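Architecture at a glance
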Amino acid sequence: MRRKFISLLILLIIFYAGFNYYGTRALLLPKTYSADLNYFWRIVNEVKAQRVSYYLNAYSKIGSMITIYGNVTQRLSPDITPPRHEIFLLGDLNDSSKQLKIIYNVDYLGRGWLNVKIGDLIVLTGELLPDAKSVHKVAEGLDLLLLYRQSEKKVIEVGYLPENDQIYLALIAICDVSVLMIVVIAKKKRINLRII
């Protein structure tokens, strides 16, 4: 009984580790698909993003996670020393002189470069930095970055987008609960989980 239980636990942990690794990568690595402009605006509304000018010089929000949208007005020189960052200016759609510098971490989980182009529409969640004029697309967590390239009618999605990613999150949660339940059952039945 003890041997079967430990074998089951080991198999479950291997499955758990693999699924969590690949499930998390699937959530956080960029995905590319076709969509129209309405899709971009639907996501902006769904995540309750604000225009760039809403957060520009918002010193009271420093260190906070903010969700903004705008269009790429300029590409800046990338930071090529690890961790690498793609850097660009995101302008307010109503006033292109209002801009926030976006510092996007390309190394986290091997996300890779977005290769933004001027005119790309972007909605993202990131941390407002102390100068209140820059946003770091943080490496941690499931924060969203969605790029819409109008010329190609193409979307690049990075991070957690609720409508698309709920199944992955549910399966990861089921794996977490399953491993926890087996460990609790083993403790209650006083099964020694020591393999050696």
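All figures in this text were calculated on a predicted structure; none of them were measured in a lab.

1. As for the pairing of strand E6 (residues 121–128)
Of all eight residues making up E6, seven are buried, and the element is well covered by its neighbours. The sheet contact formed by strand E3 (residues 65–75) and E6 spans seven bridges and is antiparallel. Note that in E6 the partner of Asn71 across the bridge is Leu121. By the bridge criterion, four bridges tie E6 to strand E8 (residues 145–149) in an arrangement that is antiparallel. For Ile122, the partnering residue across the bridge sits in E8 and is Leu147. Looking at chain direction, E6 and strand E7 (residues 134–137) are connected through two bridges and run antiparallel. By the bridge assignment for E7, Leu128 is matched with Val135.

2. A closer look at a nonpolar patch on the surface
Where nonpolar side chains cluster on the molecular surface, the patch consists of Leu37, Trp41 and Leu93 and spans about 220 Å² of accessible area. The topology assignment puts Leu93 in the loop between strand E4 (85–91) and strand E5 (99–105).

3. Comments concerning the environment of Glu157
Its place among the elements puts Glu157 in strand E9 (residues 154–158). Remark: the alpha-carbon pair of Glu157 and Leu124, spanning 33 residues in sequence, is separated by 9.7 Å. Of the polar contacts made by the side chain of Glu157, one reaches the side chain of Tyr33; its length is 2.7 Å.

4. Digging into helix H2 (residues 37–46)
Of all the positions in H2, only Tyr39, Phe40, Ile43 and Val44 are classed as buried. Projected down its long axis, H2 carries its buried residues within an arc of 140°, all on one side. The exposed residues of H2 that point more than 90 degrees off its buried face are Asn38 and Asn45. Looking at the residues trailing H2, positive phi occurs at Lys48, about 55°.

5. Details of the nonpolar core
Core analysis: the biggest nonpolar cluster contains 22 residues, and Ile68, Ile102, Ile122 and Val135 have the highest contact counts within it. Breaking this core down by element, the ones donating at least two residues are helix H3 (52–55), E3, E4, E5, E6, E8 and E9.

6. What to know about the pairing of E9
Most of E9 sits inside the fold, with four of its five residues counted as buried. Bridging between strand E1 (residues 31–34) and E9 involves four bridges; their strand directions are antiparallel. The partner of Lys31 across the bridge, within E9, is Glu157.

7. Side note on the packing of aromatic side chains
Applying the stated criterion across every chain, the model contains five aromatic pairs. Each ring, one from Phe40 and one from Trp41, has its centre 5.3 Å from the other, and the planes form 80°; the classification is edge-to-face. Taking the relative accessible area as the measure of exposure, Phe40 reaches 0% and is therefore buried. Note on Phe40 and Tyr148: the rings are 6.4 Å apart at their centroids and 35° apart in plane angle, and the pair reads as tilted. Within this pair, whereas Phe40 is found in helix H2, its partner Tyr148 is found in strand E8, the two being separated by 108 residues in sequence. Across this residue pair, the class does not change: Phe40 and Tyr148 are buried. Members of the aromatic cluster, each reached through a chain of ring pairs, are Phe40, Trp41, Tyr69 and Tyr148.

8. A few points about the pattern of salt bridges
Per the counting criterion, the structure on display carries six salt bridges. The partner of Lys31 in a salt bridge is Glu157, and the shortest N-O contact between them spans 3.7 Å. A residue pair is termed long-range when its members are at least 10 positions apart, and Lys31 in strand E1 and Glu157 in strand E9 qualify at 126 residues. Classification of Lys31 as partly exposed rests on a relative accessible area of 23%. Given a relative accessible area of 0%, Glu157 falls into the buried group. One salt bridge in this structure joins Lys154 and Glu152, with 3.1 Å as the shortest N-O distance. Overall, the relative accessible area of 37% leaves Glu152 in the partly exposed class.

Here is what the cut-offs are and how they apply
- Residues numbered from 1 in each chain as written.
- Predicted model: local features only at pLDDT ≥ 70, side-chain atom pairs only at ≥ 80, totals over all residues.
- Heavy atoms only, no water.
- Buried < 20%, exposed > 50% of the residue type's maximum accessible area, 1.4 Å probe, protein only.
- Helix = DSSP H or I, 4+ residues; strand = E, 2+ residues; numbered from the N terminus.
- Pairing = 2+ DSSP bridges.
- Patch = residues over 30% accessible without salt bridge, like charges linked within 9 Å, V, L, I, M, F, W, Y side chains within 5 Å.
- Areas by Shrake-Rupley, 256 points an atom, 1.4 Å probe, with all protein chains shown as cover.
- Salt bridge = Lys/Arg side-chain N within 4 Å of Asp/Glu carboxyl O.
- Polar contact = N/O pair within 3.5 Å; in protein donor to acceptor, adjacent residues only side chain to side chain.
- Arc of directions from axis to C-beta.
- Core = buried A, V, L, I, M, F, W, Y, C linked by side-chain atoms within 4.5 Å.
- Phe/Tyr/Trp six-rings, centres within 6.5 Å; stacked < 30°, edge-to-face > 60°.

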